[in-house]
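Notes for the structure review
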Amino acid sequence: MSESARFLAAYDDQLRTDAETPGAASVTKHGPLHLGTFRDGRGFVTYRDLGDAGSDAIRRLVREAVDHFLADPGATRVEWKTRGHDHAPGLHGALLEHGFVPDPPESIMIGSAQALSVPVPVPDAVVVRQVVDEQDVRAMSAMQDEVFGDPVSDGMADALLHRLSLEDGMELWVAEADGRIVSAGRLEPVEGTAFAGIWGGATRPEWRGRGIYRALTARRAQSALRLGKTLIHSDSTEFSRPILERSGLVKVSTTTPYRWRREGS
């Protein structure tokens with residue numbers, strides 16, 4: 001078995017269903033589906049696989065999942081996470097038929113934490129550190145909103161501060177230059193698995209190409225090793241995929257999020 005195949009098997013065995021819904025207010029199991037609802041009104045649909053379900057059965061599962069979230073007035077939006085290597089005949093059409101809209105595909109990236117844990121030089125003015133204080137968390141979140149082209153809001157910062165209060169292992173890492181955050185990302189150790197995820201990576205445009213994000217990746221990998229995690233995973237856009245490949249991660253499959261919003265929300 002190739003390294004990529006071993007990584008993908010570990011991903012399917014360890015990172016699907018329960019591992020994807022930490023912090024959910026509730027999770028309902030419906031056939032193969034796990035339907036998670038979060039405190040911010042977000043719904044999430046995942047599964048280990050759909051077995052031998054044909055197109056008619058899959059269309060029925062999509063309709064029943066939408067009905068589940070429609071029955072919850074607090075659920076305003078839902079993500080259905082698909083994977084490119086799944087056997088799921090007719091899923092794309094069924095999701096479109098029920099109001100889901102696909103995001104661009106992302107690459108599922110996996111690599112050895114030990115291989116990622118290497119010294120990476122950064123400019124003299126840059127300091128890489130973990131943050132926990134509210135002021136730092138809000139500054140980090142605002143920077144990410146700006147880089148991703150979103151309006152700066154308190155929503156993500158509030159969610160991150162709530163996660164920190166739960167002490168569930170999530171870590172927030174930033175790179176600063178002269179006291180200003182120029183890059184940031186999260187580390188998400190996955191309980192009961194060999195994995196830790198790296199998420200939310202963002203770097204201000206004027207600071208890109210200087211090794212800063214690679215240094216953040218290396219520091220998070222070092223922290224993952226201290227926590228006993230041996231594998232790193234991430235879903236990456238085509239912009240970040242080459243950076244992660246240079247850091248040692250391997251593309252094992254693709255994932256496409258499909259998003260549904262309640263009318264009027």
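Being a predicted model, the structure only gives us computed values, none of them experimental. (Residues numbered from 1 in each chain as written. Predicted model: local features only at pLDDT ≥ 70, side-chain atom pairs only at ≥ 80, totals over all residues. Heavy atoms only, no water.)

**Focus on the packing of aromatic side chains**
- Scanning all chains against the criterion turns up two aromatic pairs.
- The ring of Phe38 carries Arg42 above its face, with NZ or CZ at 3.9 Å from the centroid.
- It is Arg210 that lies over the ring of Trp207; its NZ or CZ is 4.4 Å from the centre. (Phe/Tyr/Trp six-rings, centres within 6.5 Å; stacked < 30°, edge-to-face > 60°. Lys NZ or Arg CZ within 6 Å of the ring centre and 35° of its normal.)

**Regarding the pattern of salt bridges**
- What the rule picks out here adds up to 23 salt bridges.
- Here Glu97 makes a salt bridge to Arg59, at a shortest N to O gap of 3.4 Å. Here Arg59 lies in helix α2 (residues 55-70) and Glu97 lies in helix α3 (residues 91-97), a separation of 38 residues in the sequence.
- Within this structure, Glu134, Arg138, Asp154 and Asp158 form a network of salt bridges that share partners. (Salt bridge = Lys/Arg side-chain N within 4 Å of Asp/Glu carboxyl O. Helix = DSSP H or I, 4+ residues; strand = E, 2+ residues; numbered from the N terminus.)

**Looking at the environment of Lys229**
- Structurally, Lys229 can be placed in the loop between α7 (212-226) and β11 (231-236).
- Assessed through its relative accessible area of 10%, Lys229 is described here as buried.
- Along the primary structure Lys229 and Phe195 are separated by 34 residues, whereas in three dimensions their C-alpha atoms are 5.4 Å apart.
- When sequence neighbours within four positions are dropped, the list of residues in contact with Lys229 reads Ala113, Pro189, Val190, Glu191, Gly192, Thr193, Ala194, Phe195, Ala196 and Ala224.
- A distance of 2.9 Å separates a polar side-chain atom of Lys229 from the backbone oxygen of Val190.
- Only 2.8 Å separates the side chain of Lys229 from the backbone oxygen of Thr193, close enough to count as a polar contact. (Buried < 20%, exposed > 50% of the residue type's maximum accessible area, 1.4 Å probe, protein only. Contact = heavy atoms within 4.5 Å. Polar contact = N/O pair within 3.5 Å; in protein donor to acceptor, adjacent residues only side chain to side chain.)

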